[in-house]
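# Structural features, examined
The lines below spell out each chain.
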Amino acid sequence: MSIIEKFRKFGITVGEMRKALIIVDVQNDFCEGGALAVSHASEIIKPINQLILSNKYSLIVATQDWHPANHISFKINNPTTGIWPAHCVQNTEGAKLHSNLDITRIDAIIKKGENPQIDSYSGFYDNDKINKTGLEKILFKDNIQAVDIVGLALDYCVRFTAEDALLLGFTTTILIDYTKAIAPDAPKALAGIIDKRINLKYGMLK
Ligand SMILES: [Zn+2]
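Residue indices begin from 1 for each chain and proceed along its sequence in written order. Given that this is a predicted model, residues contribute local features only at a pLDDT of at least 70 and side-chain atom pairs are listed and counted only at 80 or more, while totals for whole chains, interfaces and linings are drawn from all residues.

Mapped onto the elements of the fold, Asp-155 is located in helix 4 (residues 154-167). For the pair Asp-155 and Thr-81, spaced 74 residues apart in the sequence, the C-alpha separation amounts to 19 Å. Contacts here follow a simple rule: the backbone-placed C-beta atoms of the two residues must lie within 7 Å. Beyond its immediate chain neighbours, meaning those up to four positions away, Asp-155 contacts Ala-181, Ile-182, Ala-183, Ala-186 and Leu-190. Strands here mean DSSP runs of E at least two residues long; helices mean DSSP runs of H or I at least four residues long; both are numbered from the N terminus.

Have a look at this one:
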């Protein structure tokens, strides 16, 4: 454990906080025309690119939903409990990060949802919280103390990623206007249900 990690354990911040940007699932299938399209999703890509180029972050990580074709969350595989259309199937066009996303300065791409038997909304773990994706390890290795989270979709993968980040001890902020949600009222509803220690920041960062 590094000195910074020891301090962080006791809630002490040393110097300037090292902050990471986590870009959740900005993939073709979640954008307009995709298998599980989120309305107006592609509108957040340009603002996210501006964040990437802003020098605000010590580390920039993107997550990528990456399911085998027999994934349990797909209705077609599991008509009783599968709730999603087949999406982000490994090595398909739909699973690719959107081509307008500037990946040149992204330090790591973390794949999630690879186990056919369980879904993975969070960028940190499968939904059973047993299998880790490796995101936590990358953040700790870089002595990151705070994370800003953006991407798709606010009410699922962004939310669950933020909740895990908080539990892991990171100062956690969701940049609401750099996300889009599946449920139209999610940006409002989320404020009432999400842990109050997660900062919800509105507007564009200067
Ligand atoms: Zn998925």
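Next, the rest of the story.
Our focus in this paragraph is the sheet that holds strand 4 (residues 146-152). Taken together, six strands build an open sheet; the order of strands is 3-2-1-4-5-6 and the sheet is parallel. Since the sheet does not close on itself, it has two edges, and those belong to strand 3 (108-112) and strand 6 (199-201), each with one partner. Ignoring strand direction, the axes of neighbouring strands in this sheet form an average angle of 25°. Pairing between two strands is assigned when DSSP locates at least 2 bridges connecting them. Note that strand 4 and strand 5 (residues 171-180) share six bridges and pair parallel. Looking across to strand 5, one finds that Gly-151 is bridged to Thr-179. Contacting strand 1 (19-24), strand 2 (59-65), strand 4 and strand 5, helix 2 (residues 45-52) crosses the sheet at an angle of about 140° to strand 5. All axes are obtained by fitting lines to C-alpha atoms, using only the stretch in contact for helices, and the reported angles, taken between N-to-C directions, cover 0 to 180 degrees.

Below, the discussion takes up the environment of Thr-172. Tracing the sequence through the fold places Thr-172 in strand 5. It is 6.2 Å that separates the C-alpha atoms of Thr-172 and Asn-199, two residues lying 27 residues apart in sequence. The residues contacting Thr-172, other than those within four sequence positions of it, are Val-147, Ile-149, Ala-162, Ala-165, Leu-166, Ile-198 and Asn-199.

Once that is clear, we can look at the nonpolar core. Connectivity within a nonpolar core runs through C-beta atoms within 7 Å, and the core itself is a set of buried Ala, Val, Leu, Ile, Met, Phe, Trp, Tyr and Cys residues. Between the buried cut of 20 or more and the exposed cut of 12 or fewer other C-beta atoms within 10 Å of a residue's own C-beta lies the partly exposed class, and all C-beta atoms are placed from the backbone. Counting 48 residues, the largest nonpolar core has Ala-20, Ile-48, Ile-149, Val-150 and Ala-153 as its most contacted members. Those elements giving two or more residues to this core turn out to be strand 1, helix 2, strand 2, helix 3 (135-141), strand 4, helix 4, strand 5 and helix 5 (186-193). Tallying contributions element by element places helix 4 first for this core, with six residues. In contact with Ile-149, other than residues within four places in its own chain, are Ile-22, Val-24, Val-158, Thr-161, Ala-162, Ala-165, Thr-172, Thr-173 and Ile-174.

Quick look at the packing of helix 4 against helix 5 now. As a packed pair, helix 4 and helix 5 sit with axes 11 Å apart at the nearest point and diverge in direction by 35°. Remark: the crossing between helix 4 and helix 5 carries right-handed chirality. On helix 5, the residues that touch Leu-154, Asp-155 and Arg-159 of helix 4 are Ala-186, Pro-187 and Leu-190. Residues were grouped as follows: Ala, Val, Leu, Ile, Met, Phe, Trp, Tyr, Cys and Pro as nonpolar; Asp, Glu, Lys and Arg as charged; and all remaining residues, including Gly, as polar. Split into classes, the residues belonging to the contact of helix 4 with helix 5 amount to four nonpolar, no polar and two charged. With the far helix as reference, a near helix turned anticlockwise by less than a right angle produces a left-handed crossing, and one turned clockwise produces a right-handed crossing.

With omega at -25°, the peptide bond leading from Leu-152 into Ala-153 counts as cis. Along the chain, the position of Ala-153 falls in the loop between strand 4 and helix 4. You will see that Cys-88, though not glycine, has its phi angle at about 45°, which is positive. Classification of Cys-88 by C-beta neighbours within 10 Å gives buried; the count is 25. One non-glycine residue, Lys-129, lies in the positive phi region at around 60°. Within the secondary structure, Lys-129 sits in the loop between strand 3 and helix 3. What makes Lys-129 exposed here is the crowd of 11 C-beta atoms within 10 Å.

Further remarks concern helix 2. Buried residues of helix 2: Ile-45, Ile-48, Leu-51 and Ile-52, and no others. One side of helix 2 holds all its buried residues, which, seen down the axis, span an arc of 110°. Check the buried side of helix 2 and you find it contacts strand 1, strand 2, strand 4 and strand 5. Working note: the arc is built from the helix axis to C-beta atom directions.

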